[in-house]
Amino acid sequence: MDIYEITLARIRHPNNLDESTFLSLYRRLILGDKTLTDGEKVFLLKLGVYFLNSKDDNVERLGYRIILRYSNLYEDYIPLYEVSLSRDYIPITKFIEKRYFNVARERETFSQLFIEAYQEGFKLEGDESSIYRSLGQIILDAFSDEEENIAVVAPTSYGKSEMIIKKVRNNPRKKICVIVPSKALLAQTKKVLLENDSVKKNFKKIITHPDMYRKEDETFLAVLTQERLLRLLQKNKEIAIDLVLVDEAHNILEDNERSHLLAQVLLIVKNRKIDFLINFFTPFLTDVGNLKIRNHGIEIKGLPIGEYMKIERFFAFDLGSNEMYLYDQFLNKTFPLVVENGVRSEIDFIFANKSKKNIIYLNRPITVEKFSLDLAEQREDTPLTPEIEKIVKSMGEFIHPEYNLIKCIKKGILFHHGGIPDIVRLYVEKIYSKYQNFEFIVTTSTLLEGVNIPAEKIFILSPAKGRGHLSAAQFKNLIGRVCRFKEVFNKETGSLSMLEPEVYLIKGTHAPSNFSLLTFYMTKVNSKIVIEDNVKNPLLENSEYTEKVYTGLEYLENMESGASGLQNVITPESDICKFCYTNNVQDFDILANEEILVANLENYIECGYEPISNPESLISAVVRIFFEGVSFRENKDNIVRLKDNDEARKFYSMFVDWRSKGAPYPLMISRFLRYWKIREAAGEQLIYIGPKWGDEVRAGGHQKLYVDLSKKNDVQRINLAIAKIKEEQEFIEFNILKYLEILAELGLVDESFYDQVKYGTSDKEIICMLKNGFSMELAKLLIESYRENLELTIKQDTVTYGGDLLDLMRGNQENDILIFEAENNL
């Protein structure tokens, strides 16, 4: 055996590598030692090429890492060029040619001309910006074109958005629905689709709200969450969708109400049109068979792509011991590093290792904001540019001048979490991407759901997601947000060093005391570990068969007859229970509580009710009809509060009143502060705030669900109010509005009041704007100040505008957040 075979044998058993020449040289290469001799370089490069020809995937990737690391360290890109050309990594070869080779040289030899012509075959068709794809991207694109029911599983940056656009563009006379996992992604996905001229030409409107659909629509394109799709299907029994495109499809594997509902609406779509087509898009999935839904009967095809143009570098830092090392995912070994002098906190460490664009991950919104403020406190003041001053002014007007985000913006820091208003969150993504002033974005797992922003490094301060740890798949999805191909291969600012994204896992004040950095890396990124899909949704074929399976299918059968595949299912006799099913009420067992619900409704009517026309009567009706005497499911404490707590009913009556009047954020904040002062004057210092923002435990409790108002100054109260408003808006939308719909279907709600609660107004023109995805603030501004530039068709729920509207808004110096929203919608 020669030295290369011996080294390969040792790599397969890494414990035998200690004291070997290879490990000594490899360590120096990986840690950035530029003193390797020419002979040592040649030895490593030969090993790299030798490993690249291995049939062992782990060894093959190790070979690529050696070549990539050498080229970046020594800025000698000939080895990487040759390897990339042999593996059809054409984006890399074209970048090297333009950046490092003499682009003006003539292609004199046949081989040079042949290579040039060969690479042109990887150029994106019809693209003027000279974007080149890898062979894996081309194969995936062809697979997407040729097959019908598919799952596209590819890392971020691989062109999934382009595939969705292509699917829409190639089906102009179909009924198409793109399902996205969150409301925030509705506007983002709509914007991406509208940027394609063919999509704009083929579809007169993009449905983002169920009420935008008209029965005369022979074709349509919809972008909806699963909740909005259910509403669309339930209100329009004639709809038969031809093509469904499910973005971020890995969410269907989870065991929660939203994942169950996603599976259920797909079964309803199948029930309406047996030959409909379905495409799943996800950045990670081990086996596409795990997407199969029970009684769905559709075979999903997938195509594994084994390309790996990026190889992450994993660093670990323990603040307590002040130790740092690099973890090698191929050898499952650690290489110690020296920590810079003066590092006494996570912030010191981040400042010492930051790049131009950095993501900082934490688990809870409350810790995200606190850390952002601490980070801002330790950054030096810098002169504000006119652009940043405009952002600060707009944020202060739209939310509040004392908003924590504004303090951070002034220091080049942004934060991003689910407690931020949706349009502001999208605006944060935009300004972070657009302006170099913003070096840091501190975020929760909201970044996992389709958020695409530029970043060169990621610092992970907490290993948690929710109440558990980040899974291997979630961790890979998170770090996949760093060094996207769009940034790597950018003509002006791109760098091949970004093919080695730097990931920093930190054990400090935000990680558990017993947290093991090494164990986390070994179980999440060790290249020899096979990551299995965790299929927990009982409505998926490959999940464990439990009582939840029948319960979920039984519920579905009551939502839509024939959709579940079950026979002889017990169905309700009363309208109230039928409406509970069609409106996806999950708070209690509907059939088990039918007698109580019917009796409650009869008692309510017999008491001489008048049509529900104010918030107090709405909350009272919901409690009296749906909650009294009803047995709730587990984990429904949030909704049960309305049943048992008079103060909670008063609070939500007040909040529904604000909603019904379309109150803007500044007004709601001032009212929240006044409400808390009234509670405080009544001797109540401890106020319920919920698990996301609570920092106090009530006597007899064990969870931090409360805040002590006496410990909060005015600025802290303002920011608590901002966060709480978003949370309560979502509570109303997901927990109260479904009961409003049922009451309206039972004929118990005044029509004008129904519109006011559902939309925040009874003005038909503003409602039309809201249905088209506009916020209340933007809708009011456009109707009041730019009505002559709009063309609204109320019956069709369509909005078109004059071409100079955006210029007029900019000229009038309207709020920049509203201009940004208008750009997304118009």
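Whatever comes next refers back to the structure up there.
Thresholds applied
Residues numbered from 1 in each chain as written. Predicted model: local features only at pLDDT ≥ 70, side-chain atom pairs only at ≥ 80, totals over all residues. Heavy atoms only, no water. Helix = DSSP H or I, 4+ residues; strand = E, 2+ residues; numbered from the N terminus. Rg over C-alpha atoms; globule rule 2.2 N^0.38 Å. Buried < 20%, exposed > 50% of the residue type's maximum accessible area, 1.4 Å probe, protein only. Lys, Arg positive; Asp, Glu negative; His and termini not counted. Charge placed at Lys NZ, Arg CZ, Asp CG, Glu CD. Expected span 1.5 Å × (residues − 1). Arc of directions from axis to C-beta. Contact = heavy atoms within 4.5 Å. Phe/Tyr/Trp six-rings, centres within 6.5 Å; stacked < 30°, edge-to-face > 60°. Lys NZ or Arg CZ within 6 Å of the ring centre and 35° of its normal. Pairing = 2+ DSSP bridges. Axes fitted to C-alpha atoms, helices over the stretch in contact; angles between N-to-C directions. Parallel < 35°, antiparallel > 145°, perpendicular 65-115°, else oblique. Salt bridge = Lys/Arg side-chain N within 4 Å of Asp/Glu carboxyl O.

Draft legend 1. Quick peek at the overall build of the chain. Of the regular secondary structure elements, the chain holds 34 helices and 22 strands. For 826 residues, the compact-globule estimate of 2.2 N^0.38 gives 28 Å, and the chain sits close to it at 29 Å. Summarising its shape, the C-alpha atoms of the chain cover approximately 95 × 60 × 60 Å along the three principal directions. Expressed as a percentage of the 826 residues in the chain, the buried residues total 57%. For the chain, the centre of its 107 positive side-chain charges and the centre of its 124 negative side-chain charges are spaced 2 Å apart.

Draft legend 2. Up close: helix H28 (residues 665–681). Here H28 contains 17 residues, and its C-alpha end-to-end distance of 24 Å stays within 8% of the 24 Å for a straight helix at 1.5 Å per residue. Within H28 the residues assigned to the buried category are Tyr665, Met668, Ile669, Phe672, Tyr675, Trp676 and Arg679. Projected onto a plane normal to the axis of H28, the buried residues spread over an arc of 125 degrees and lie on a single side. When the buried face of H28 is taken as reference, the exposed residues oriented beyond 90 degrees from it are Arg674, Lys677, Ile678 and Ala681. Buried residues along H28 sit against helix H16 (386–398), helix H27 (646–660), strand S18 (686–688), helix H29 (714–745) and helix H32 (776–785). Immediately beyond the C-terminal end of H28, within one or two residues, lies Gly683, with a positive phi of roughly 90 degrees.

Draft legend 3. Summary view of the packing of aromatic side chains. Scanning the model with the defined rule gives 42 aromatic pairs in all. Arranged with centres 5.2 Å apart and planes meeting at 70 degrees, the rings of Phe627 and Phe632 form a pair that is edge-to-face. The class for Phe627 is buried, based on a relative accessible area of 0%. Within the aromatic cluster, the residues linked to one another by ring pairs are Phe651, Tyr652, Phe655, Trp658, Phe672, Tyr675, Trp676 and Phe731. Of note, Lys41 hangs over the ring of Tyr74, and the distance from its end group to the ring centre comes to 4.2 Å.

Draft legend 4. Layout of the sheet that holds strand S12 (residues 413–416). Read across the sheet, eight strands follow the order S10-S9-S8-S17-S14-S11-S13-S12 without closing on themselves; strand pairing throughout is mixed. Where the open sheet ends on each side, the last strands, each with one partner, are strand S10 (333–337) and S12. Neighbouring strand axes in the sheet, compared pairwise and without regard to direction, differ in orientation by 25 degrees on average. Relative to S10, strand S9 (residues 323–328) is paired through five bridges, and the arrangement is antiparallel. What sits directly across from Asp328, in S10, is Lys333. Strands in contact with helix H2 (residues 21–30) are strand S8 (313–318), S9 and S10; relative to S10, the strand with the most contacts, it is inclined by about 55 degrees. The strands touched by helix H15 (residues 365–377) within the sheet are strand S11 (358–361), S12 and strand S13 (440–443), with S12 carrying the most contacts at an inclination of about 180 degrees.

Draft legend 5. Structural detail: the environment of Phe774. Mapped onto the elements, Phe774 comes out in the loop between helix H31 (764–771) and H32. Taking the C-alpha atoms as reference points, Phe774 and Ile252, 522 residues apart in sequence, are found 28 Å from one another. Not counting residues within four places of it along the chain, the set of residues in contact with Phe774 comprises Met769, Ala779, Leu782, Val799, Glu821, Asn825 and Leu826.

Draft legend 6. The arrangement of the packing of H28 against H29 in detail. Two numbers describe how H28 lies on H29: the axes approach to 9 Å, and their chain directions differ by 110 degrees. When the interaxial angle is binned, H28 and H29 end up roughly perpendicular. Listed contacts from H29 to Tyr665, Met668, Ile669, Phe672, Leu673, Trp676, Lys677 and Glu680 of H28 are Arg717, Ile718, Leu720, Ala721, Ile722, Lys724, Ile725, Lys726 and Gln729.

Draft legend 7. Representation of the side chain of Ser394 in the model. Along the chain, Ser394 falls in helix H16. For Ser394, a relative accessible area of 4% puts it in the buried group. If we skip the residues at most four places from it in the chain, Ser394 touches Asn815, Asp816 and Ile817.

Draft legend 8. Representation of the pattern of salt bridges within the structure. Counted under the stated rule, the structure contains 59 salt bridges. When salt bridges with common partners are traced through the structure, they connect Asp211, Arg231, Lys235, Glu741 and Lys758 into a single cluster.

Draft legend 9. A look at the environment of Val757. In this fold, Val757 is placed in helix H30 (residues 751–759). Here Val757 is in contact with Leu618, Val656, Arg659, Ser660, Leu737 and Leu740, once residues within four sequence places are set aside.

Draft legend 10. Main features of unusual backbone geometry. The phi dihedral of Glu248 is positive, around 50 degrees, even though this residue is not glycine. Relative to the helices and strands, Glu248 is located in the loop between strand S5 (243–247) and helix H13 (257–272). One non-glycine residue with positive phi stands out, namely Gln813, at about 55 degrees. By secondary structure assignment, the location of Gln813 is in the loop between helix H33 (805–811) and helix H34 (816–825).

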